[in-house]
Amino acid sequence: MLPRIVTVALLWLLTLGAVSRPAALLPAAIEDAIQHVTAAELRAHVSILAADAFAGRGLGHPGNREAENYIVGALREAKVEPASLNYTQPVEVYEPRLGAGARLTISGTGTRLADLAVGPDFLPLPVSSDSPAEGPLVFVGHGISAPQLGHDDYATVNARGAVVLAVDDAPDPLRRSLELSIEDRTEIAAVTRKADDARAHGAAGLIVIKSHLGDSRYVWPDRPSVRAAAYRLYGPMREAPLAVSAISERAADPVRRALEQRQSLRVALNPGVVAIPIVMHNILAIVEGRGGSSEMVVVGAHMDHDGIDDAGRIYNGADDNASGTAAVLAMAAAFARAAAEGARPARAVVFALWNGEEKGELGAEHYAGHPIPARRIVANLNLDMIGRDEEIPDPADPRYRGFEKTAASQNKNVVHVLGYTYSPDLARVAELANDTIRLTIRQNYDHGAQGFIRRSDNWPFLQRGVPALFLTTGLHPDYHTPDDDTGRIDFAKLERITELAARIAWMAADGDAPRFKLQ
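Residues numbered from 1 in each chain as written. Predicted model: local features only at pLDDT ≥ 70, side-chain atom pairs only at ≥ 80, totals over all residues. Heavy atoms only, no water.

J.: Please explain the overall build of the protein chain as it appears in this structure.
T.: When helices and strands are counted, the protein chain shows 15 helices and 22 strands. Its C-alpha atoms give the protein chain a radius of gyration of 25 Å, within 12% of the compact-globule value 24 Å for 519 residues. Summarising the internal contacts of the protein chain: among those between residues at least 6 apart in sequence, 84% fall at separations of at least 24. For the protein chain, the accessible area works out to roughly 21500 Å², and carbon and sulfur atoms hold 50% of it. Between the mean site of the 53 positive side-chain charges and the mean site of the 65 negative ones, the protein chain shows a separation of 2 Å. (Helix = DSSP H or I, 4+ residues; strand = E, 2+ residues; numbered from the N terminus. Rg over C-alpha atoms; globule rule 2.2 N^0.38 Å. Contact = heavy atoms within 4.5 Å. Areas by Shrake-Rupley, 256 points an atom, 1.4 Å probe, with all protein chains shown as cover. Lys, Arg positive; Asp, Glu negative; His and termini not counted. Charge placed at Lys NZ, Arg CZ, Asp CG, Glu CD.)

J.: Help me understand the sheet that holds strand β12 (residues 243-248), please; the structure alone is not making it clear to me.
T.: Hydrogen bonding along the main chain pairs the strands of a sheet, whether they run parallel or antiparallel. Read across the open sheet, the eight strands follow the order β4-β3-β13-β6-β9-β10-β12-β5; overall the sheet is mixed. Two strands close off the open sheet at either side, each with one partner strand: β4 (111-117) and β5 (122-124). Going across the sheet, the axis of each strand differs from the next one's by a mean of 25°, ignoring polarity. Taken together, the four bridges between strand β6 (residues 133-139) and strand β13 (residues 266-270) define a ladder with antiparallel strand orientation. Note on β13: the bridge partner recorded for Glu134 is Ala268. Across the sheet, helix α7 (residues 191-200) lies against β9 (163-167), β10 (205-210) and β12, angled at about 145° from β10, the strand it touches most. (Pairing = 2+ DSSP bridges. Axes fitted to C-alpha atoms, helices over the stretch in contact; angles between N-to-C directions.)

J.: Honestly, the pairing of strand β22 (residues 468-472) in this entry has me stumped. Any pointers?
T.: Here is the key point about a regular strand: its side chains alternate between the two faces of the sheet. Within β22, five of the five residues are buried, which leaves it mostly tucked inside the rest of the structure. Sheet analysis places strand β19 (residues 376-383) next to β22, joined by four bridges and oriented parallel. Its bridge partner lying in β22, Asn382 is registered against Phe470. Summarising the sheet, strand β20 (residues 414-418) and β22 pair through three bridges and their orientation is antiparallel. Along β22, the bridge assignment pairs Val417 with Leu471. (Buried < 20%, exposed > 50% of the residue type's maximum accessible area, 1.4 Å probe, protein only.)

J.: Please clarify how the packing of helix α3 (residues 39-49) against helix α4 (residues 62-77) should be interpreted in this entry.
T.: The geometry of a pair of packed helices is captured by two quantities: the angle between their axes and the separation between those axes. Between α3 and α4, the shortest axis-to-axis distance is 11 Å and the interhelical angle comes to 160°. Here α3 is positioned roughly antiparallel relative to α4, judged by the angle of their axes. Both α3 and α4 take part in a crossing whose hand is right-handed. Where α3 approaches α4, its residues Ala44, His45, Ile48 and Leu49 are matched on the opposing element by Ala67, Tyr70, Ile71 and Ala74. For the contact of α3 with α4, the residue count by class is seven nonpolar, one polar and no charged. (Parallel < 35°, antiparallel > 145°, perpendicular 65-115°, else oblique. Left-handed = near helix turned anticlockwise from the far one by under 90°. Nonpolar A, V, L, I, M, F, W, Y, C, P; charged D, E, K, R; others polar.)

J.: Can you walk me through helix α10 (residues 249-260) in this structure?
T.: Within an α-helix, residues lying three or four positions from one another point in the same direction, as the helix has 3.6 residues per turn. Between the first and last C-alpha of α10 there are 15 Å, a value that for 12 residues agrees with the 16 Å anticipated at 1.5 Å per step. Among the structural elements, β3 (103-108), β4, β6, β9, β10 and β12 are those in contact with the buried residues of α10. Arg262 occupies a position one or two residues after α10 and carries a positive phi of about 60°. (Expected span 1.5 Å × (residues − 1).)

J.: Teacher, can you tell me more about the environment of Glu68 here?
T.: Summarising the element assignment, Glu68 is placed in helix α4. The spatial distance from the C-alpha of Glu68 to the C-alpha of His281 is 7.3 Å, given a sequence separation of 213 residues. Once you skip the residues sitting within four places of it in the chain, Glu68 turns out to touch Met280, His281, Ile283, Met303 and Asn355. In terms of polar contacts, Glu68 uses its side chain to reach the side chain of Asn355, at 2.8 Å. (Polar contact = N/O pair within 3.5 Å; in protein donor to acceptor, adjacent residues only side chain to side chain.)

J.: So what exactly am I meant to see when it comes to the pattern of salt bridges here?
T.: Note that side chains of opposite charge can pair when their charged atoms are close. Enumeration over the complete set of coordinates arrives at 29 salt bridges. For Asp115, the salt bridge identified is with Arg112, shortest N-O distance 3.5 Å. With a closest N to O distance of 2.9 Å, Asp478 and Arg388 form a salt bridge. Of the two residues, Asp478 is situated in the loop between β22 and α15 (491-510) and Arg388 in the loop between β19 and β20; the sequence distance between them amounts to 90 residues. You'll find Asp478 and Arg388 in the same group, each marked buried. (Salt bridge = Lys/Arg side-chain N within 4 Å of Asp/Glu carboxyl O.)

J.: It is not clear to me how the side chain of Asp484 should be interpreted in this structure. Could you clarify?
T.: Mapping Asp484 onto the fold places it in the loop between β22 and α15. Not counting chain neighbours up to four residues away, the residues in contact with Asp484 comprise Asn316, Gly317, Ala318, Asp319, Asp320, Arg388, His476 and Asp478.

J.: Could you clarify how one ought to interpret the side chain of Thr498 in this entry?
T.: With respect to the helices and strands, Thr498 occurs in helix α15. In this structure, Thr498 is in contact with Val37, Leu42, Ala327, Ala330 and Met331, ignoring residues within four places of it in sequence.

J.: Any chance you could explain unusual backbone geometry here in plain terms?
T.: Omega for the peptide link from Asp320 to Asn321 comes to 5°, which places this bond in the cis form. Relative to the assigned elements, Asn321 resides in helix α11 (residues 318-340). Each neighbour pair has its own omega, and for Ile372 with Pro373 the value is -10°, a cis peptide bond. A positive phi angle, near 75°, is found at Tyr87, a position not held by glycine. Along the chain, Tyr87 falls in the loop between β1 (81-82) and β2 (88-98). Residue Tyr87 is classed as buried on the basis of its relative accessible area, which comes to 5%. Despite not being glycine, Arg438 has its phi angle at roughly 65°, a positive value.

J.: Just checking my understanding: could you explain α11 for this structure?
T.: If you check α11, its first and last C-alpha atoms are 31 Å apart, about what 23 residues at 1.5 Å a residue would give, namely 33 Å. Counting buried residues along α11, 21 of its 23 residues qualify, which places the element largely inside the surrounding structure. A positive phi of about 95° marks Gly342, the residue just after α11.

J.: Explain the confidence of the model for the protein chain here, please?
T.: In regions of low pLDDT, the predicted coordinates are not meant to be interpreted in detail. The pLDDT averaged across the protein chain works out to 93; a share of 95% of its residues lies at or above 70. Contacts of residues 1-22 to residues separated by more than four positions or lying in other chains number 28 contacts, the stretch itself having pLDDT below 50. (pLDDT = per-residue confidence, 0-100.)

J.: I keep staring at the nonpolar core and nothing clicks. Help me out?
T.: Soluble, globular proteins show a tendency: their nonpolar side chains are buried together. Among the nonpolar cores identified, the biggest contains 71 residues, and Leu383 and Leu471 are the most heavily contacted of them. Sort the elements by how many residues they give to this core and α11 lands first, with 14 residues. Setting aside chain neighbours within four positions, we find Leu383 in contact with Gly300, Ala301, Asn321, Gly324, Ala327, Val328, Met331, Leu471 and Ala501. Judged by nonpolar contacts, the second largest core, of 30 residues, contains Ala83, Val350, Trp459 and Val466. (Core = buried A, V, L, I, M, F, W, Y, C linked by side-chain atoms within 4.5 Å.)

Here it is as structure tokens:
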């Protein structure tokens, strides 16, 4: 008779040459705990998290902190051990605001080529740090370093300590490259990418030449709503400050001519940015493994959403992502119940509720670089929007860019699993785990124009070479609108996806470490 615990590796061997593979076996205690996850339990969590009282859980709003407190209370009530002090990992972020004194001066030998205050020719950008920069001015083309694509504007340039001048957008070969998705082409041309490349090459500042600077009141609204407010991680800004601004083509013309004549120019750039810091929290719980392993699996979902817009409308985010948060809470409770019965996987499993995902995966990005506990992460499982049926009525809608038209009726039993090309091992675990759940798994979004794989909290882990799967039921017309409410969630489907995710997490924590495949 086979033992109750059958390793993933043995199951794979048993499936070779078989007409139909056996279902993956888990210890009775965890199987029972998983099967006792109910739609009612999930509904209770979603109903509270997506209620108006939490005001859309937007970062910087008291409703976000209330959601943190609720999640901590739910984990404590379920007797899931904290992975950190009081279950929380503080993460410093900041909201950039434009203060007074912003100025750009560019000088040659005995000549001042530019002396600009904020206006139609000069505008600091929110990606800027709050530190001024001074140094020689160096022209870097489009300011893009992508040697893997045959393009590197920094290849023959020494940018260390300099302020670099870059043309907006990307050169035509990159903009039209068939190797890049639409999302990749947008990313590679973005100012944030130029800033990252400038910082990586040791620059002190970046000035981007733009044909149109935009209305400063739009770029720097006086009172941005919770939904519109931008946030960034505080640590990286302090560790590698970079002053960033835009300059008009008109103001840049004499500067470029002087550089073409090989004149030595110097820059003083004061962005005038004020960093308004706040502390948000990732919520972290843990079920320890049975063997004292130095490895762990991290299961996560983001608990924040868009908050309130400038018209006062609440974006409750029932599917995005109270659904994933509820699933992680239910999974953590199930694993804790199994552990109380003596059933634990070989490795620890951390259950994480990330904050700041809607502002750029801030919480997961911080954790991926500062894991708690400080152990090797062998796999990440990310749950984001898992309570609906995918529905793309109009691919021309910017929210659905790159997706194909599909109806909800075509996706009643469907869950998308992303990350399959980065870790075929982990994707096979998902397929085995699905044997008793019998959802329709679609592996179709790792690549393509939509760039879907980088739009959630799995991405910081994949960037660090950690095998990561992203489970989602896909987009729908209520995505990022005030209509994403509890009444539209399919809780029976959410229950089944939660059970699938729990089985994947157990098998990943108990079997061979999945391998990461470079793309």
